[in-house]
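# Overview (structure and organization)
Read off the chains here:
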Amino acid sequence: MTPDIIKVAINKYCQEKHIEGLSLKTVMFDMDGVLFDSMPYHAQSWHRAMADFGLNLPVEEAFMHEGRTGAGTIGIVTRRQFNREATEEECKAIYQRKSQYFNEISETKRMPFAYETVKAVKECGIVPIVVTGSGQASLLGKLERNFPGLFKSEWMVCAKDVKLGKPNPEPYLMGMKKSGIAHEWETMVVENAPLGIEAGHKSGCFVVAVNTGPLPDEMLMKAGANLLFHSMKELSEWINYISNLSLKL
Ligand code: CA
């Protein structure tokens, strides 16, 4: 990454929006694959749970569905393989199995340099919030243990707050609404997955992609990312620079 690449990306965004610059009040962080190194566990759990019900979802493909609601992913695979919609009972049973496998194999691993990145955002006077499709009951405790005092939990968006889920912009629009953000250039999205990036892009926000998984960079850029980093470590090295470019209005 270079300062010029960042400046060009922000200028391009601002020209499209007819504004002078970003004016960040919050940064909306996706959770799985950004704050926690949990995606390999999710992908494996999906693959195993689907197989139990006679469905084939390769582990690699699971990464492409990241961000979708559970019912959304199950619906796609059921239509493809059985040529019909999944019933509500099937959705519930498959999702339960997936959650069971996930809880068995996953350990909570913070993504390296996620803590440093979030802390730097907060120290710049910008409020970090979490926007996730996850509905894990232990979410708040897990965030507080790993990122003590950093996130504004009242403004968090999780599964219960949204109906449609990513790639619909609903979760990010909800994040803006909860935090009282009036304009999309007053916040920024940090995402790792194509559908999440698409959701962020459709919400109108500046989207920073962090490629922490196995998919090619182009897939993330094509989904609508304004800027791409290859790790949270790389983002942590530039987050102050980005925050300081933002206009203090
Ligand atoms: Ca993610």
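The residue numbering used here restarts from 1 in each chain and proceeds along that chain's sequence as written. With the structure being a predicted model, the display of local features is reserved for residues of pLDDT at least 70 and the display and counting of side-chain atom pairs for 80 or more, all residues being used for whole-chain, interface and lining totals. Side-chain metrics rest on all non-hydrogen atoms present in the structure, leaving aside hydrogens and water.

### Looking at the pattern of salt bridges
- Each salt bridge in this description consists of a side-chain nitrogen of Lys or Arg and a carboxyl oxygen of Asp or Glu lying within 4 Å of one another. Across all of its chains, the model carries 14 salt bridges by this definition.
- With its nearest N and O atoms 3.0 Å apart, the salt bridge here joins Asp30 to Lys166. Here the residue Asp30 occupies a position in the loop between strand 1 (26-29) and helix 2 (39-52), and Lys166 occupies one in the loop between helix 7 (139-146) and helix 8 (170-178), the gap between them amounting to 136 residues.
- Residue classification places Asp30 among the buried positions, given a relative accessible area of 6%. Strands here are runs of E lasting at least two residues and helices are runs of H or I lasting at least four, both read from the DSSP assignment and numbered beginning at the N terminus. To sort residues, take the accessible area from a 1.4 Å probe on protein chains only and compare it with the maximum for the residue type: under 20% means buried, over 50% means exposed, and anything in between is partly exposed.

### Some details on helix 6 (residues 114-123)
- Among all positions of helix 6, only Ala114, Thr117, Val118, Ala120 and Val121 are buried. Burial along helix 6 is one-sided: seen end-on, the buried residues are contained in an arc of 160°.
- Whether two residues are in contact is decided by their heavy atoms: any pair within 4.5 Å suffices. Buried-residue contacts for helix 6 involve strand 1, strand 2 (127-130) and helix 11 (232-245).
- A positive phi of about 85° marks Gly125, the residue just after helix 6. The arc in question is formed by the directions pointing from the helix axis toward the C-beta atoms.

### Focus: the sheet that holds strand 2
- Strand pairing is assigned whenever DSSP identifies at least 2 bridges connecting the two strands. Spatial ordering of the open sheet is given by 2-1-3-4-5, a layout of five strands whose pairing is parallel. Looking at which strands have only one partner, the edges of the open sheet turn out to be strand 2 and strand 5 (227-229). Shown here is a sheet whose adjacent strand axes are inclined to one another by a mean of 25°, direction ignored.
- Pairing of strand 1 with strand 2 involves four bridges; the strand directions are parallel. Bridge pairing links Thr26 to Val127 in strand 2. Only the contacting stretch of a helix is used when fitting its axis, a line to C-alpha atoms as for every element, and angles between N-to-C directions run 0 to 180 degrees.

### Side note on the domain arrangement of the protein
- Taken as a whole, the protein is organised into domain 1 (3-38 + 111-248) and domain 2 (39-103).
- Each domain span listed reflects an automatic or database assignment of domains. Computed from C-alpha atoms alone, the centre-to-centre distance between domain 1 and domain 2 is 26 Å.
- Domain 1 puts 18 residues into the contact, and the matching count from domain 2 is twelve residues.
- Buried area: the accessible surface (1.4 Å probe) lost by two parts on joining, summed over both. Overall, the association of domain 1 and domain 2 removes approximately 1100 Å² of surface from exposure, summing both partners, and the carbon and sulfur fraction of that is 60%.

### Re the packing of aromatic side chains
- Pairing of aromatic rings covers Phe, Tyr and the six-membered ring of Trp, with a centre-to-centre limit of 6.5 Å; geometry is then stacked below 30 degrees between planes, edge-to-face above 60, and tilted otherwise. The final tally for this structure, using the stated rule, is seven aromatic pairs.
- Relative to Phe206, the ring of Tyr13 lies with its centre 5.4 Å away and its plane at 85°, an arrangement referred to as edge-to-face. Pair noted here: Tyr13 is in helix 1 (residues 3-17) and Phe206 is in strand 4 (residues 206-210), with a separation of 193 residues, a long-range link. We note that Tyr13, like Phe206, is buried.
- When the ring of Tyr115 is compared with that of Phe147, the centres are 6.5 Å apart and the planes differ by 25°; the resulting orientation is stacked. Taken together, the residues span a long stretch of sequence, with Tyr115 in helix 6 and Phe147 in the loop between helix 7 and helix 8 at a distance of 32 residues.
- Exposure remark for Tyr115: the relative accessible area of 23% places this residue in the partly exposed category.
- One aromatic cluster in this structure is built from Phe29, Phe36, Tyr115, Phe147 and Phe151.
- Between the NZ or CZ atom of Arg48 and the centre of the ring of Tyr101, over which it lies, the distance is 3.8 Å.
- In this scheme, Lys NZ or Arg CZ marks a charge over a ring once it lies within 6 Å of the ring centre and within 35 degrees of the ring normal. Against the face of Phe102 rests Lys98, its NZ or CZ located 5.1 Å from the ring centre.

### Observations concerning the pairing of strand 4
- Here strand 4 lies mainly inside the structure; five of its five residues are buried.
- Burial along strand 4 is two-sided: the residues Phe206, Val208 and Val210 and Val207 and Ala209 are all buried.
- Alignment of strand 3 (residues 188-191) against strand 4, held across four bridges, turns out to be parallel. The residue of strand 4 that forms the bridge with Met188 is Phe206.
- Here the term right-handed applies to a crossover when the path leading from its first strand over the helix to its second strand runs clockwise, the strands being oriented away from the viewer. Read as a crossover between parallel neighbours, the route from strand 3 over helix 9 (residues 194-202) to strand 4 is right-handed.
- Looking at chain direction, strand 4 and strand 5 are connected through three bridges and run parallel. Its bridge partner being in strand 5, Val210 is matched across the sheet by Phe229.
- This β-α-β element, strand 4 to helix 10 (residues 217-222) to strand 5, shows right-handed connectivity.

### Some points on unusual backbone geometry
- Put simply, Lys166 and Pro167 share a cis peptide bond, and its omega is 15°.
- Notably, Asn83 is not glycine yet its phi reads approximately 60°, a positive angle.
- Note on placement: Asn83 falls in the loop between helix 4 (70-82) and helix 5 (88-105).
- Using a relative accessible area of 72% as the deciding quantity, one classes Asn83 as exposed.
- We note that Phe113 has phi near 70°; this positive angle belongs to a residue other than glycine.
- Structurally, Phe113 can be placed in the loop between helix 5 and helix 6.

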